[in-house]
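A look at the structure
Below, each chain spelled out in residue letters.
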Amino acid sequence: MARRHVAEPAFMVSIYDDPATAGALRFTFVPKGIRQARVEEEPHQPPDYIVSVQGHGDEATFNWIRPPMQDEARKSLEQIARQRATARHEWLEKLGVLVANVEEWAGELDWATRIVTKKMDDAEIGNYDAPGLLIQQETVRLFLEPIARAAPGTEGLVDLYLMPSYDDIASLYYYNNRWNVHYVSQAVPAVANMLEVPARRLTKATLRKVLGEMKAHAQ
């Protein structure tokens, strides 16, 4: 007999740093379509499930604070939490490596650097602090700013631009398992989508060229 497929209920998911456990994430799940009806009936008992997640991937561990009664539902929610915790870890790791590489290369090119953090909000992986990088040489200041974890055609988007005018921008897109630089220099016609600009693989040589052109544009 064919196995009956039971559709899993959709949930509104909130993710934030667990206030009780350092390094853990707290997930709150509220079934869609149930919140309003239940809140009207039981205003002091919202129909949510809460779990604290430590780690990611196969190493993730779950500490249920308010678990669902059904074992199948618990496993389903743990899988959602595992996937989102893993996506969050992978994105922050990707950003961390990018910022570290650019910081090292910029320093070797005689640019001063300082790592900063930017508050980010992502519907899938929650609120988090993302690393960015201030880059300066003489009076020219640039900012390497994380923009989005996912966008059409890319698995990550970071901008590098002149401060404070924001009138010279290089966009770094992550695809093909690497960071790629799309930069509209003075010799390249303006485009509607930065992905239309010919890509350069992010390397120290690419960064030297982009920083040099941006500095010349600023002067």
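Residues numbered from 1 in each chain as written. Predicted model: local features only at pLDDT ≥ 70, side-chain atom pairs only at ≥ 80, totals over all residues. Heavy atoms only, no water.

**Digging into the pattern of salt bridges**
Considering all chains together, one arrives at 14 salt bridges under this definition. Across the pair Arg-26 and Asp-18 runs a salt bridge, and its minimum N-O distance is 2.9 Å. Across the pair, Asp-18 and Arg-26 agree in class, each one buried. Of the charged contacts, one joins Lys-75 and Asp-71 as a salt bridge, the two residues approaching to 3.4 Å between their closest N and O atoms. Placement of both Lys-75 and Asp-71 in helix H2 (residues 71-108) is noted, with a separation of 4 residues, approximately one turn of the helix. (Salt bridge = Lys/Arg side-chain N within 4 Å of Asp/Glu carboxyl O. Buried < 20%, exposed > 50% of the residue type's maximum accessible area, 1.4 Å probe, protein only. Helix = DSSP H or I, 4+ residues; strand = E, 2+ residues; numbered from the N terminus.)

**As for the nonpolar core**
Leu-142, Leu-144, Leu-160 and Leu-172 are the most contacted members of the largest nonpolar core, which has 33 residues in total. When residues of this core are traced back to their parent elements, those giving at least two are H2, strand E6 (126-137), strand E7 (140-148), strand E8 (157-163), strand E9 (169-175), strand E10 (178-183) and helix H3 (204-218). Of all the elements, H2 adds the most residues to this core, at 8 residues. The residues touching Leu-160, leaving out its near neighbours within four places in the chain, are Ile-135, Leu-142, Phe-143, Leu-144, Asp-168, Ile-169, Ala-170, Leu-172, Leu-207, Val-210, Leu-211 and Met-214. Judged by nonpolar contacts, the second largest core, of 13 residues, contains Phe-11, Phe-29, Trp-64 and Leu-77. (Core = buried A, V, L, I, M, F, W, Y, C linked by side-chain atoms within 4.5 Å. Contact = heavy atoms within 4.5 Å.)

**Overview of the sheet that holds strand E2 (residues 25-31)**
Strand order in the open sheet formed by 4 strands is E1-E2-E3-E4, with antiparallel pairing between adjacent strands. With partners counted over all chains shown, the strands left at the sheet margins are strand E1 (11-17) and strand E4 (61-66), one partner each. Strand-to-strand twist across the sheet, computed as the mean angle between neighbouring axes with direction ignored, equals 25 degrees. Bridging between E1 and E2 involves 7 bridges; their strand directions are antiparallel. Looking at E2, one finds that Tyr-16 is bridged to Arg-26. Strand contacts of H2: E1, E2, strand E3 (49-54) and E4, with the helix running at about 130 degrees to E2, the strand carrying the most contacts. (Pairing = 2+ DSSP bridges. Axes fitted to C-alpha atoms, helices over the stretch in contact; angles between N-to-C directions.)

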